[in-house]
Every structure is written in C-alpha cells, then in structure tokens.
Amino acid sequence: MADWYEERQYDVVIVGAGGAGLRAAIAAAEGGVSVGLVSKCLLGKAHTVMAEGGIAAALGNVDPQDNWEVHFADTMRGGQMINDYRMVEIFAREAPARVYELEGWGGLFDRTPDGRILQRPFGAHTYRRLCHVGDRTGLELIRTLQEKAIHCGIDVHMEVTLTRLLKDGDRIAGAFGYRKETGRFVVFRAKAIVLATGGWGKLYKVTSNSWDCTGDGCAMAYEAGAELMDMEMVQFHPTGMVWPPGVRGILVTEAVRGEGGILRNAEGERFMQRYDPKKMDLSSRDVVARSIYKEVQAGRGTPHGGAWLDITHLGAENIKKKLPSMYDQFLKLADIDITKSPMEVAPTIHYVMGGVRVEPGTGVTTVPGLFAAGEVEAGLHGANRLGGNSLSDLIVFGKRAGEHAAQYAKGVAETPRVDDSQAEEERRLLRRPFESDGTENPYGIHEDLQAIMAEHAGIARTGDGLRQGLEKVLTLRERAKGMHATGSMLFNPGWHECRDVLFMLTLAEAIFRAAIEREESRGSHWRLDFPDQNPEWGRKNVVVARENGGMAVRTRPVPQMPPELARLVQGETVVKSVR
Amino acid sequence: MADQIFHVFRGDAQGGALKEYAVPPVEGMVVLDAIHYIQAHHDTTLACRWNCKAAKCGSCSAEINGKPRLMCKTRVDDFHGAPITVRPIKVFPLVRDLVTDVSWNYRVNKEIPPFTPRSGEPAPYRMTSEDVERLFEFRKCIECFLCQDVCHVLREHKGTDRYYGPRFMVRIAAMEMHPKDTLSRTDLLKGKGGIGYCNITKCCEEVCPEHIHITDNAIIPLKERVADDHFDPWRALLRRFGGRKEPRGT
C-alpha cells in the first residue's frame, strides 16, 4: 500500500446509494459479509429521490385480475420484445414481495378504502398497478431503504467519487477514487463490487436527471472490459417542463396522465387519438413522446414547442392531494396554477434502457467479481421502459445483485491484490487538469457534448446524422484532453467535472455506435431513414465492448421465450410502424 | 436587461468573504441557475451541493439574503433586481464556499431506533388512509436541514450536543405515530434527543420547503407523549410492567 491514498477493505463494495445500491447493501449485509456503500453525494439524495409516479408491481389490490403474467407481457411489449425475458419474468414475479417488504420496513403508501396499498394506472400497464404515495414515491422508497440500511451494520462513505475499477488479472480487486471534501485519494479493496450508479441523462441538456447522472459506473465498467448492451435505447419522457428556460426538462410525472390528465395540441385537439386511439394519453412513453414531437413538427405545437397537459377537471382539492409536488413545482417555478390552467410540456431525456450486460437474476457482468443492478444494468426494459418499472427494477435486482455478490465474495478466499500502478495511472489522469497547460473549460466541453447529443442523437435520428455526431464526439474527446482545472482539490466542482466529462464522452460514443448499427425503428430508437420495425433486428441486441483500445460493436441474439411465456405476449399488436 | 448582481460567500473554515459576480438574467431563473452560471463562466472552483434542481433532494440549502432557503426553489425575480447575497447555512461547520459539513445529522439519525413492527405480524398490513394520512406530512421531509439551521437551540446555543433538532423530531414522530410501530422512543426524546430544549418558536416551520408543520404536528405531540410517560404517575407505573408503546389519540 502506498502512502498517497487512504485504503479501505470490504468483502463487497456497493457503488451508488440510490434504490438499487441501498437494496443491494441490505442484501449483501444480510448475506453475512462486510459491506462498504460508496456514494458520490449525501445519503438519500440520489436520483431515485426524484421518481414520482410509483412502483409497478402486480399486487392486484385495485384490479384483482392483475398478476405477474400480465405484468410480464406488458413489460415485454413495452420493450418491443428485445428485453431479456428471463429478467422480465423474475422481475414481474418478485416485484410484489419487494414492495410488501418496503411496507414491513416502514414505507407508507396511499391506501385503498379497505386499507391495502393503492395502485394507479400508468402508461401501457394493462391494469392499475403503480403503488404510490402522492407524487413522491421515489422519496418514500429511498428513505425507507436508507433507514433500513444504516442499521444493517454497513459502512457508508458519502461524497466519495469512484473513477476506476481496479483489477487483479481478469477479476475485480477494488475501486479507486477521491473524497470530495478533502480531495484525498482512496482505494477500496474488495472481493466483489456492485455497480448501482444509475443512468447518464446528463449527456443531454434537456433532461429530468440529477447532476449525478453522468454514467460513471457504466463507463468504468466499459473501461474495465465489461460488455455494454442496448446503448442506443435512450428514453424520452413525453412530459417535461418547457418554460421558463431554467426549468426546461424537469419532470412532469406520468401520474398526471395516470390521474386523468389530457394532452392537447395548440389547436385544442386530443392528438393522441391519431397515434394510439386505444391507450390514448396512457400509451407507452416512446409513442407519446414521438407524437408530441410530430405535432410540434407539423406546426401544432404550443408557444414554446410542446403540448398542453390539462388536469384542471380533477378539481383543485384532488390535484393538491394526488399531485402535490407538481402543483408546487409549477406554481413556484413557472407561475402556473395547474388547478386552473394547463401545463406546457415537451419530451425530456429521462432514462437509459441500455447499460452493462448482466446475467439474468444475478447481476453478474462479463467481468468476474463485478455486478450491476438498477438503471446501469441492461436487459430488463428492452427498447422502452414502462413507467413505474424502474423502481421495482431497483428493489428486485438490487436485492439479487447484493445477494449474489455476497455469495461470490464468500467463495473468494483472499481479497485480490491491488496493483498500485493502476491507481497511479488513474491519479495521473485525475491530476492532469491541474498539471496540463490546456485551456479548455470542462463546463464548456460538457455543453458542447450536450449540443451534439441534442442535434444528432435526439428523438428522431438518421444514419448520416448519427455518423456526424460520432465524428464530433471523437473530435470533442481530443479537445477534452486540454481540460483545465484551477484551485485546490478540496471540494472543487470544476475539477470533478473534468473526469465526469470523460465518462460521458465514452458513453456518447457508445450511444452513437450502437444507434448507427441498429438500422430500424424500435421503441425509443426512431430512425427516419429506417422508419419501420425489422423482425431481423427484433432478434438482436447491440453490444459494445472495448477491444484493442477501441470500441467494438457486435450483436447478440435476443434470448427466445419458451412457448408458455411466448403465449402470454401474443394476441396484442405491437406498434409496427412509427412513420 | 441589466446583469443581476450576486454576492457569494467564498472561503473555508479559516475565513472568507463575499465576492461579487454579475450574471445575465434569464426568465424564470432560480438562484441555483446563477450559481451554475458563475461556476461555468466566472470560477469553476465555486463549491456548492446540488442534485435534482427540482426541490426534491434537499441538497442546495443556503442562506439567501439572510434567509435559509433552497437555491433551486428561489426565484431571482423575487428580488426585483436588488443584489442577492448567498451564504452557506450557518449552523454546521463550513467545508468550502457554500458547502457545510452536515455529517452530524447522519450520526444522529443512526442513534434513533428504527421502525419496529410486531414480530408476528409481517407485511402486507391493513391500514386505512385515516391511520396513515397524518404521517405522510412527516415522510415528505427532503432532509435539506434548513429547519436545523434556524433552530435556536442548535444555532444560537450551539446545542448539537443536547438536542437532535426539528428534523429528527419529525423523523421520530413518523415512527412513534406509525400504527404498526411498537417501540417507545420517549426516553430517548427526554434524554439524548433533548426535546425539552425546544421552546416552540416555530422558526423551523417557517423555513420548511415542504411546509411540514414541524412544531404543531410533530414536536408538540411528542412533548405530550414525553409528559404522559414521565410525569403521569399512573402511566409511569404501567410502563414499568409494559414497556410497549400505548395506543394514543395524538
């Protein structure tokens, strides 16, 4: 051990303290191993806190016909059939138990008249399925898990940013990073690491994501040799705030439509009639987002380029009860009283379906000792995630990844050796912005990246546009080598941004390469030059991995369902064309 | 439109001063937008915490023109062009610029016994809306710690060694009043929790961005429980034989 870093050692290190990380930490601790939970922000502030609408689980409390099979079929259809059905099955079967577990840990949800957990309708869920508490379900989930986790005998390291996975040969040996408060470097030695680092919405300017959604975990996994999958699948949530400019992108929960909110264009027409007459406003997110986009393109957009979302008919009292934070958010930030006037909304980047490829049910990645759970993992949501499925994803697969990481760690006799040269190499990379003579402002590079993503990897894509975007990203990466930081290493956000930007550039490249590869339209991936679904592509996932220092793109066959599961999904037309 | 002037505290535990920055105003801008503008265009080292920029995470607490507020929820146009001063919250030790060391709160939270249901009664529970509705208010807390910042016991009297502060009165109330919780925390409240130090000035309620009625709905009912348990001889006797929490109306 060198003297220039602090060293910690655990059997299992969990990276990220959102829903998946907390749930994994609880499971790993219950598995009887030592657990370190590392978060780059304060506990309870992770992006999970922003989830609003609810947790999808087929409890059948409101619609008794609901069961895991229907949830399975809805999720497969929502994902346009490129999901890993094995993950979807586990997910749909186990979500109810995980929700009740939260209740047993003190979590509180809205109630039915007979005293059970209330469930609300949501886009493309056949039945009323979302367990919720008003429009702050994510806060309830994270607080419940947080209170449980801190009493499980784990160590929590807050405001520590990890920037590199350390390996001993092929397998994981730990992770390296820095404490934000002091700037001191730290090595976590571990037998197993669970990545629960969430998504990378911050590649885009108009996003509902927190600042911390910079994709560190996914990029670190890629750099450590893990395969990434479905990177082209980036979800636009149909309803983000549009005006004023400062709030552009902030989420307007789907629960507004779940509670009866109606979308209209500038002419007052319920335009969803044209795009999905059956599900209307509660169609899947990819369809609704595209519909709003098309209305704006056709000149029927609202003054700031969106659609109207009207909930006034619910009545002031009900709105304040069911959607209190929406009411407050619009009143405070946009001077709009949503009990009296409609909201102006437009699509906003919300979620990434792609991420680290994992073995279904265990969270095992292609790197031994490395596990992944939650938004950073790929496979559950396919080409489009249904609302409410992310929170249940966190608790179902967080638990499983934690359990399997603990089990794996128990099978490893000695904590793998940490090679100081890897830590040294990462230190040099982190210190570069102070020591180089570059003049690039990291915030400027980030803004330029966001502009590239908006122009070339937005809601409507073309092969040419994607290729141009890729070129620009590669050029920007060269410029990024000249990023400069001033001041000290003590809580220095400009310096932090330098490494975050490198992670985001890696993921941007992956998005472009995967999106160029998939020559069809499916779910959130809409190619104007290939506007139809292609059954051939319906049998393939796009995978990227590091090879010989470059990014290699391949496809993998989508696992095929056995007949008894395939039967569940039949009998429903999948949206064939998105023209 | 003329630039908006900000005076932002820069410095660390050794000392510091307000520094002036000019920020071009944008319609609907909040103070956090201005801080981001300063970071990107004037000084990348300006330290502040933030996560969601939507008043859901409670990270960006600061004292804006002397008043504890969330920067993401404070509109710049509320100040009508007058200079805006932004300082870190005062009650906790300063780390740098707008960032303070709030770790004390997390240590306190760990001292509070967690939700403890009856062992023979696993979830799912049957609880009606009437049973749990009043708890929703407490569960809304986003842990911005603004209430801790204005609490006289913590701020003026530096009482972190004797009072947990309003945030944790809310936290304890949420469990004490949970219909399925069996543990009594009134000993803790009376002892280390220091509820007796609160003299109900309600300053905490005024700054709560979630509009939680901290004093009326959490602290006062908890004070009543403490009084019942410790100063009512009949109940004190009962407690010797029981130890469990008694059902009550408050």
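None of these values were measured; they are calculated from a predicted model.

1. Here we look at the overall build of chain A
A tally of regular secondary structure across chain A gives 16 helices and 18 strands. By the compact-globule yardstick of 25 Å for 579 residues, chain A fits well, its C-alpha radius of gyration being 23 Å. Along the first, second and third principal axes, the C-alpha atoms of chain A reach 65 × 50 × 50 Å. When contacts within chain A are restricted to residue pairs at least 6 apart in sequence, those whose partners lie at least 24 apart make up 75%.

2. Comments concerning helix 10 (residues 324–334) of chain A
Residues Ser325, Met326, Tyr327, Gln329, Phe330 and Leu333 of chain A constitute the buried set of helix 10 of chain A. Directly after helix 10 of chain A, the chain includes aspartate 335 of chain A, whose backbone phi takes a positive value near 55 degrees.

3. Section: the interface of chain A and chain B
Taken together, the contacts link 50 residues of chain A with 49 residues of chain B. Elements with a contribution of two residues or more to the side of chain A that touches chain B: helix 3 (85–104), helix 4 (137–149), helix 10, helix 13 (442–456) and helix 15 (493–517) of chain A. Of the residues contributing to the side of chain A that touches chain B, the split by class is 25 nonpolar, 13 polar and 12 charged.

4. Focus on unusual backbone geometry
Going from tryptophan 243 of chain A to proline 244 of chain A, the amide bond is cis rather than trans, its omega being 0 degrees. Relative to the elements of secondary structure, proline 244 of chain A occurs in the loop between strand 11 (234–241) and helix 6 (255–258). With an omega of 5 degrees, the peptide bond between alanine 123 of chain B and proline 124 of chain B qualifies as cis. Positionally, proline 124 of chain B belongs in the loop between helix 2 (103–111) and helix 3 (129–139). A positive phi angle, close to 60 degrees, is found at aspartate 230 of chain A, a residue other than glycine. Mapped onto the elements of the fold, aspartate 230 of chain A is located in the loop between strand 10 (228–229) and strand 11. By the C-beta count within 10 Å, which is 29 here, aspartate 230 of chain A ends up buried.

5. Focus: the confidence of the model for chain A
If pLDDT is low for a region, its predicted coordinates should not be looked at in detail. Residues at a pLDDT of 70 or more form 98% of chain A, whose mean pLDDT is 96. Across residues 573–579 of chain A the pLDDT falls below 50, and counting only partners more than four positions away or on other chains, this stretch makes 12 contacts in the model.

6. Structural notes on the packing of helix 6 (residues 166–176) of chain B against helix 9 (residues 214–231) of chain B
Helix packing geometry: the angle between the two helix axes and the distance between the axes. All names here are of chain B. The geometry of helix 6 relative to helix 9 is characterised by a closest axis approach of 9 Å and an angle of 65 degrees between their N-to-C directions. Classified by the interaxial angle, the pair formed by helix 6 and helix 9 is roughly perpendicular. Between helix 6 and helix 9 lies a crossing whose hand is left-handed. Residues Pro166, Met169, Val170, Ile172, Ala173 and Glu176 of helix 6 pack against Ile214, Ala218, Ile219, Pro221, Leu222 and Arg225 of helix 9. Class assignment of the residues belonging to the contact of helix 6 with helix 9 gives a composition of 10 nonpolar, no polar and 2 charged.

7. Some points on the nonpolar core
Residue and element names in this part refer to chain A. If you look at the biggest cluster of nonpolar residues, it comprises 266 residues, and the most contacted ones within it are Val12, Ile14, Ile193 and Val194. Take this core: its biggest share by element is 15 residues, from helix 15. Residues in contact with isoleucine 193, not counting those within four places in the same chain, are Val13, Val15, Leu165, Ile172, Ala175, Gly369, Leu370 and Phe371.

8. Considering the sheet that holds strand 15 (residues 355–356) of chain A
Residues and elements named next belong to chain A. Here we have 4 strands laid out as an open sheet, ordered 15-10-17-18, and antiparallel in their pairing. Of all strands in the sheet, those with a lone pairing partner are strand 15 and strand 18 (550–557), marking the two edges. Relative to strand 17 (residues 540–547), strand 10 runs antiparallel, the two sharing 2 bridges. Residue methionine 229 lies in a different strand from strand 17, and its bridge partner there is valine 543.

9. Notes on the environment of arginine 513 of chain A
Residue placement: arginine 513 of chain A occurs in helix 15. Here arginine 513 of chain A is in contact with Leu470, Val544, Met551 and Val553 of chain A, once residues within four sequence places are set aside.

10. With respect to the packing of helix 13 of chain A against helix 15 of chain A
Residues and elements named next belong to chain A. At a minimum axis separation of 9 Å, helix 13 and helix 15 run at an interaxial angle of 25 degrees. Looking at the two axes, helix 13 sits roughly parallel to helix 15. The way helix 13 lies across helix 15 gives a crossing that is left-handed. Across from Pro442, Tyr443, Ile445, His446, Leu449 and Met453 in helix 13, the residues of helix 15 making contact are Gly494, Glu497, Cys498, Val501, Met504, Leu505 and Ala508. Per-class residue counts for the contact of helix 13 with helix 15 are 10 nonpolar, 2 polar and 1 charged.

Reading the values: rules and limits
Residues numbered from 1 in each chain as written. Chains lettered and ligands numbered in written order. Predicted model: local features only at pLDDT ≥ 70, side-chain atom pairs only at ≥ 80, totals over all residues. Helix = DSSP H or I, 4+ residues; strand = E, 2+ residues; numbered from the N terminus. Rg over C-alpha atoms; globule rule 2.2 N^0.38 Å. Contact = placed C-beta atoms within 7 Å. Buried ≥ 20, exposed ≤ 12 C-beta atoms within 10 Å, placed from the backbone. Nonpolar A, V, L, I, M, F, W, Y, C, P; charged D, E, K, R; others polar. pLDDT = per-residue confidence, 0-100. Axes fitted to C-alpha atoms, helices over the stretch in contact; angles between N-to-C directions. Parallel < 35°, antiparallel > 145°, perpendicular 65-115°, else oblique. Left-handed = near helix turned anticlockwise from the far one by under 90°. Core = buried A, V, L, I, M, F, W, Y, C linked by C-beta atoms within 7 Å. Pairing = 2+ DSSP bridges.

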